[in-house]
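Commentary on secondary and tertiary structure
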Amino acid sequence: MSQTDYGALAREAGLERVGARPPLPAYLKDLWATRHFAVSLARFRIQATLGENRLGLGWVVLRPILLAVIFGTIFGLILSRDTRPGVNFIPFLVVGIFIFEFFSKTFSAGAKSITSNSSLVRSLNFPRMLLPVSQVIQQVFELIPMLAVMGLILVIFGEPVTWEWLLVVPVMVLMTMFNAGIALIAARLTVHVRDVTQIIPLVTRVLFYSSGIFYSLEAVLEDRPTILAVAQLNPVHGFITLVRQFTVEGSPPLAYGGWIAVGVGSLLAFVVGVVFFWRAEERYGHD
């Protein structure tokens, strides 16, 4: 009997090939059923961080604070106030750095989620998507103290607390969807082409300087509406602008088209990320 005959006989008996990729609905059902593993893995990594560093989770908020101090000192002196007219610069800068930190850490950690857990992937049978998802969950856990410290800094530097601050929560929900999609895409690409890990820092750096962290894109590109419209399609800039709009007085509001870009970009990135990652499920641990 040939291998083809054996395969047909097995399928008739209801047997499945080892490591076969299940249909997407069944895969997502399994993912949900084992979601507690992703949460536990995220908590374990946080506890490991607490044990490895003297400051523990303090670095979660200390790193963006140090970045804000360094870049604020440099760019606050170099850049003209025309690039951020009528805006309290320190809160403006702090929001940009803290929100971008959420994206960059999720992007970087998600990209390495499969390759850094190769022994786990080869030894246990579970939806591989749990690994990048656990990285996203970890970053969400760490985002909570970051937002608390960010809010405290804003109050210290004169920004009043208003009910609009509550709107930061749905913005972060959308951003989490976007980050998850990007993490899933990066996780698969890194498995297939390890050199992607060398490109990710460059991509992150380009996004950092093009997302309006130190300046207002609306002010800088006011006379170039076409370029401004393209720049505002950057979802990371959109998230930063939304949070600034709700927390920092004088920040230019995001245009109607920008709101659409943020919402559609988040949903599209999430759906594409899930499908893109799932389609290579059989290859994880074998490449």
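Residues numbered from 1 in each chain as written. Predicted model: local features only at pLDDT ≥ 70, side-chain atom pairs only at ≥ 80, totals over all residues. Heavy atoms only, no water.

Attention shifts here to the overall build of the chain. Per the secondary structure count, the chain includes 13 helices and zero strands. In the chain, the succession of helices and strands from N to C terminus is α-α-α-α-α-α-α-α-α-α-α-α-α. Split into buried and exposed, the 287 residues of the chain put 44% on the buried side. A separation of at least 24 residues holds for 81% of the contacts in the chain among residues at least 6 apart in sequence. (Helix = DSSP H or I, 4+ residues; strand = E, 2+ residues; numbered from the N terminus. Buried < 20%, exposed > 50% of the residue type's maximum accessible area, 1.4 Å probe, protein only. Contact = heavy atoms within 4.5 Å.)

Looking now at helix α12 (residues 235-247). If you check α12, its first and last C-alpha atoms are 18 Å apart, about what 13 residues at 1.5 Å a residue would give, namely 18 Å. Across the 13 residues of α12, 12 count as buried, placing the element largely inside the fold. Buried within α12 are the following residues: Pro235, Val236, His237, Gly238, Phe239, Ile240, Thr241, Leu242, Val243, Arg244, Phe246 and Thr247. Where α12 begins, the capping side chain belongs to Asn234, and its oxygen is found 3.0 Å from the backbone nitrogen of Val236. (Expected span 1.5 Å × (residues − 1). Polar contact = N/O pair within 3.5 Å; in protein donor to acceptor, adjacent residues only side chain to side chain.)

Applying the stated criterion across every chain yields a total of one salt bridge. Between Lys105 and Glu142 there is a salt bridge, and its shortest N-O distance comes to 2.9 Å. Remark: Glu142 occurs in helix α7 (residues 130-156) and Lys105 occurs in helix α5 (residues 89-111); sequence separation between them is 37 residues. (Salt bridge = Lys/Arg side-chain N within 4 Å of Asp/Glu carboxyl O.)

Interaxial distance between α5 and helix α8 (residues 168-192) falls to 7 Å at its minimum, and their mutual angle equals 30 degrees. In this view, α5 runs roughly parallel relative to α8, as classed from their interaxial angle. Note on packing geometry: the crossing formed by α5 with α8 is right-handed. Across the interface between the two elements, Ile99, Phe102, Phe103, Thr106, Phe107, Gly110 and Ala111 of α5 pack against Met172, Met175, Thr176, Phe178, Asn179, Ile182, Ala183, Ala186, Ala187 and Thr190 of α8. Split by residue class, the contact of α5 with α8 holds 12 nonpolar, five polar and no charged. (Axes fitted to C-alpha atoms, helices over the stretch in contact; angles between N-to-C directions. Parallel < 35°, antiparallel > 145°, perpendicular 65-115°, else oblique. Left-handed = near helix turned anticlockwise from the far one by under 90°. Nonpolar A, V, L, I, M, F, W, Y, C, P; charged D, E, K, R; others polar.)

What follows covers the side chain of Arg45. By secondary structure assignment, the location of Arg45 is in helix α3 (residues 35-52). A polar side-chain atom of Arg45 sits 2.8 Å from a polar atom in the side chain of Ser134. Dropping the residues within four chain positions of it, Arg45 is found in contact with Ser134, Gln135 and Gln138.

Within the largest apolar cluster, 52 residues are counted, with the highest numbers of intra-cluster contacts made by Ile99, Met150, Met172, Ile213, Phe214 and Val243. Those elements that provide at least two residues to this core are α4 (58-78), α5, α7, α8, α9 (196-210), α11 (225-231), α12 and α13 (256-278). Considering each element in turn, this core owes the most residues, 13 residues, to α5. The next biggest cluster of nonpolar side chains, apart from the first, holds 21 residues, and it includes Tyr27, Leu120, Val121 and Ala187. (Core = buried A, V, L, I, M, F, W, Y, C linked by side-chain atoms within 4.5 Å.)

Under the definition given, this model contains two cavities of 30 Å³ or more. Estimated volume of the second largest cavity: approximately 50 Å³. As for the second largest cavity, its lining consists of Phe92, Gly212, Tyr215, Ser216, Leu217, Glu218, His237, Thr241, Arg244, Ser251 and Pro252. With three residues, α12 is the largest single contributor of residues to the lining of the second largest cavity. When its residues are assigned to classes, the lining of the second largest cavity shows four nonpolar, five polar and two charged. (1 Å grid on protein atoms, 1.4 Å probe; cavity = no way out; pocket = protein on both sides within 12 Å on 5 of 7 lines; lining within 4 Å. Points joined across faces, edges and corners; volume = space filled by probe spheres on them.)

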